[in-house]
Amino acid sequence: MPRLLHDAMLLNMKAATKEAALRELAGVAATVCGRFTEATLLHALMEREAVGSTGLGNGVAIPHGKLEGLDEILLCFGRSKTGIDFDAIDNRPAHLFVMLLSPASKAGEYLKTLAMVSKILKQPGNRQRLLDSTSRDEIAAIFAT
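If you're wondering where the values come from, they're calculated on a predicted model, not measured in any experiment.

A.B. asks: Sorry if this is basic, but what is going on with the packing of aromatic side chains here?
C.D. replies: Two measures describe an aromatic ring pair: the distance that separates the ring centres and the angle between the ring planes. Summed over all chains, the structure comprises two aromatic pairs. Pairing phenylalanine 77 with phenylalanine 143 gives two aromatic rings, centres 6.2 Å apart and planes at 55 degrees, and the pair type is tilted. In this pair, phenylalanine 77 is assigned in strand β5 (residues 74-84) and phenylalanine 143 in helix α5 (residues 136-143), connecting sequence segments 66 residues apart. We classify phenylalanine 77 as buried; its relative accessible area is 0%. Pairing phenylalanine 86 with phenylalanine 97 gives two aromatic rings, centres 5.3 Å apart and planes at 65 degrees, and the pair type is edge-to-face. Of this pair, phenylalanine 86 sits in the loop between β5 and β6 (94-103) while phenylalanine 97 sits in strand β6, and the two are eleven residues apart along the sequence.

Below, the structure written as structure tokens:
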């Protein structure tokens, strides 16, 4: 699974809406990646959200998308203390966000990474640690499976 970089973590998201959350995550991803603008990354995420919400329930959302020209899978983590309505299946706000952007050519690795992230976030203990942690190292370690 791709590494979650310290620079790709937002421990206190400011967003109050779904689109603002995606914009905030796209902004950090654009900074980390350096090859795409926030607008380009946001467009890829919004295209995927138009198919169906990536709000999985239990306070978790995994916005994701594919991009031509991206070299490797990019992971970003975000946490919202107040929670954001993300059209989740259980109608509860999302507090934990793992954004995944993949090269269009790496479909197999993309699906494998998405499955691993989902598996990690399905565990209540991991969700609680992610909510409580003040350490970027600890957050990265949770995803370093």
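After that view, the rundown keeps rolling.
A.B. asks: Whenever I open this one, helix α3 (residues 107-122) confuses me. Can you help?
C.D. replies: Its 16 residues place the ends of α3 22 Å apart at the C-alpha level, agreeing with the 22 Å of an ideal helix rising 1.5 Å per residue. Taken as a whole, α3 has its buried residues at Tyr110, Thr113, Leu114, Val117, Ser118, Ile120 and Leu121. When α3 is viewed along its axis, its buried side chains cluster within an angular range of 160 degrees and face the same direction. Turned more than 90 degrees away from the buried face of α3, the exposed residues are Gly108, Leu111, Lys112, Lys119 and Lys122.

A.B. asks: Looking at this structure, I do not really get unusual backbone geometry. What am I missing?
C.D. replies: Backbone geometry follows two general trends: most residues other than glycine have a negative phi, and most peptide bonds adopt the trans configuration. The backbone phi angle of asparagine 58 is positive, close to 55 degrees, even though this residue is not glycine. Mapped onto the elements of the fold, asparagine 58 is located in the loop between β2 (55-57) and β3 (60-61). For asparagine 58, a relative accessible area of 43% gives the class partly exposed. For asparagine 91, which is not glycine, the phi torsion reads 60 degrees and is therefore positive. Summarising the element assignment, asparagine 91 is placed in the loop between β5 and β6.

A.B. asks: Got a minute to help me understand the pairing of β5 in this structure?
C.D. replies: When a strand is regular, its side chains alternate between the sheet's two faces. Counted residue by residue, β5 has nine buried out of eleven residues, so it is predominantly covered. Here strand β1 (residues 9-10) pairs with β5 via two bridges, running parallel. Across the sheet, the residue bridging to methionine 9 is phenylalanine 77, located in β5. With seven bridges joining them, β5 and β6 adopt antiparallel strand pairing. When the bridges of β6 are listed, glycine 78 appears paired with phenylalanine 97.

Here is what the cut-offs are and how they apply
- Residues numbered from 1 in each chain as written.
- Predicted model: local features only at pLDDT ≥ 70, side-chain atom pairs only at ≥ 80, totals over all residues.
- Heavy atoms only, no water.
- Phe/Tyr/Trp six-rings, centres within 6.5 Å; stacked < 30°, edge-to-face > 60°.
- Helix = DSSP H or I, 4+ residues; strand = E, 2+ residues; numbered from the N terminus.
- Buried < 20%, exposed > 50% of the residue type's maximum accessible area, 1.4 Å probe, protein only.
- Expected span 1.5 Å × (residues − 1).
- Arc of directions from axis to C-beta.
- Pairing = 2+ DSSP bridges.

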